[in-house]
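Coordinate inspection notes
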Amino acid sequence: MKILIVDDKLENRVLLRYMVKKQGHDTLEASDGLEACKLFEIPNDIDLILMDVMMPIMDGFKTTQKIKELASSHHVAVIFVTALDDTETLNRCLFCGGDDFIAKPVNSVVLHAKLVAHQRVIDLHRQLETKNQQLLLHETQTKNDHFIVEKMFQQAMKRNALDLPGLHYNLSPLSLFNGDVLLVTEHRERGIYMFVGDFTGHGLTAAMGSLPVSEIFFAMTQKGLAIGDIAAEMDSHLRELLPVTMFCCAVLLNLDKNRKQLTAWIGGMDSFFIIGNDGKVRKQTAEHHLPLGVHWGDGFNRSVLQLDMQEGDRIFCFTDGVTEATNAQGEMFGIERLQEYVGSHSQIHVSDIIEKIRLFCGEAAQRDDITVAELVCESSKPTLSANDEDHDSVALGLITPPNKKSERTLNRYH
């Protein structure tokens, strides 16, 4: 340690210097409090101060207060060396910022024990400061990395419209980056395409898979290709890109331009609901295929479901963040409770489902990304003109969007 000895009497300083150096420490000396403060202001890595109490110009109490202010968050131990042993003086030593005291005349064995004890504390503080600096550096690097990735996602979301007639949704990511993804586009001839995906895990790692999926989705839907072929292309890319422990549960839908027929490819998702004009669940689809990105033994299964639709039917898609939402008792919301809820109300909406989940979970923390999307089958002209086929209407659930059309909180919706 580097130890500052503060005493107005030379003989005391000489004695303490001898004892301290004998223990292997470096020393600095000051004859009064003012000189001690000036020495401390100069960068010299002082670790511990042996402080006399009664000194001219500035006593030990005021000097200690000043030095503690100068030290700020840096730990500097102050041991008062005093012949005074009354309770009031000892209380003042500690109250003004002192860490310990030793009586005069100084016993070398006691001083050695004190220095050894404080050196352990000082070493711990040094280790803590080093760890804090490392954490600060890591935090800065992480923020820079997130900033760059966020810009990439924002670039991918430039075409994000989310104003397709009949589309309502909620995106509630668990963290800044969303492992769920919602993609929507309308083709002039083939109608509306919608993709709801849920990548393994959550956060940035899960969100990274959304970029290749969205590129494939918009490139292939722009050409009006079949959803079985789109799912096969996504699966092929994800199997090449993702580790074997990561995959994407997904629903791919194509609602024809007349809003009369729905084609669906389902991989790993629980299901989706079709609710009729009477508010009853008219159709609940079951899991159909394995998730995207899973290594298939006999090739990819492109088979799809064909469902007849009626005017006013509403399609509800959701990720497992809905069914696996858990309350304080550890009970999951569950697919049965969701089906019962949507089937018992004549006009259920996305906002109602989100509110129901919020009430069910109570004070329990959100544990996964939550996505709910509603698409209403209503007759309308396509939002894309003959000359606008290249401009998609997109909902990329990758990061919290800059507008109010998607909220990260559980009880906000569009």
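Numbering of residues begins from 1 in every chain and follows the order in which that chain's sequence is written. Given that this is a predicted model, residues contribute local features only at a pLDDT of at least 70 and side-chain atom pairs are listed and counted only at 80 or more, while totals for whole chains, interfaces and linings are drawn from all residues. Note that water and hydrogens are dropped before the side-chain values are worked out from all heavy atoms of the structure.

What counts as a helix is a DSSP run of H or I of at least four residues, what counts as a strand is a run of E of at least two, and both are numbered from the N terminus. The topology assignment puts Ser172 in strand β6 (residues 167–172). A distance of 2.8 Å separates polar atoms of two side chains, one belonging to Ser172 and the other to Asn170. Pairing of N or O atoms within 3.5 Å defines a polar contact, subject to two protein rules: one partner must be a possible hydrogen donor and the other a possible acceptor, and residues neighboring in sequence count only if both atoms are side-chain atoms.

The next point concerns the pairing of strand β10 (residues 261–267). Only protein chains enter the accessibility calculation, which uses a 1.4 Å probe. A residue is then buried if its area is under 20% of the maximum for its type, exposed if over 50%, and partly exposed in between. With six of its seven residues buried, β10 lies for the most part within the structure. Here strand β9 (residues 248–255) folds back onto β10 in antiparallel fashion, the turn holding five residues, of which Arg259 has a positive phi close to 60 degrees. DSSP calls a pair of strands paired once it identifies at least 2 bridges connecting them. Bridging between β10 and strand β13 (residues 305–308) involves four bridges; their strand directions are antiparallel. Among the inter-strand pairings, Ala264 is bridged to a residue of β13, identified as Leu305.

Moving on, we come to unusual backbone geometry. Residue Pro105 is reached from Lys104 by a cis peptide bond, and omega for that bond is -5 degrees. Its location among the elements puts Pro105 in the loop between β5 (100–103) and α5 (108–156).

Among the structural elements, Leu262 can be located in strand β10. Overall, the relative accessible area of 0% leaves Leu262 in the buried class. Separated by 115 residues in sequence, Leu262 and Cys377 have C-alpha atoms that sit 9.7 Å apart. Should any heavy atoms of two residues lie within 4.5 Å, those residues are counted as being in contact. Contact partners of Leu262, with chain neighbours within four places excluded, come to Leu253, Asn254, Leu255, Phe272, Ile274, Leu305, Gln306, Leu307, Met309 and Ile315.

Helix span is expected to be 1.5 Å times the residue number reduced by one. In this model helix α8 (residues 227–241) runs 21 Å from its N-terminal to its C-terminal C-alpha over 15 residues, within 8% of the 21 Å that 1.5 Å per residue would give. Considered for burial, the residues of α8 that qualify are Ile227, Gly228, Ile230, Ala231, Ala232, Met234, Asp235 and Leu238.

Note on sheets: strands pair through backbone hydrogen bonds, and any given pair is parallel or antiparallel. Spatially, the five strands line up as an open sheet ordered β7-β8-β9-β10-β13, and their pairing is antiparallel. In this open sheet, the two edge strands, each paired with only one partner strand, are β7 (180–187) and β13. Averaged over all pairs of adjacent strands, the angle between strand axes in this sheet comes to 15 degrees, irrespective of strand direction. Summarising the sheet, β7 and strand β8 (residues 191–199) pair through eight bridges and their orientation is antiparallel. What sits directly across from Thr185, in β8, is Tyr193. Across the sheet, helix α7 (residues 210–222) touches β7, β8 and β9, and the angle it forms with β7 is around 10 degrees. Fitted lines through C-alpha atoms give the axes, limited to the stretch in contact for helices. The angle between two N-to-C directions lies from 0 to 180 degrees. Relative to β9, α8 is tilted by about 155 degrees, and along the sheet it contacts β8, β9 and β10.

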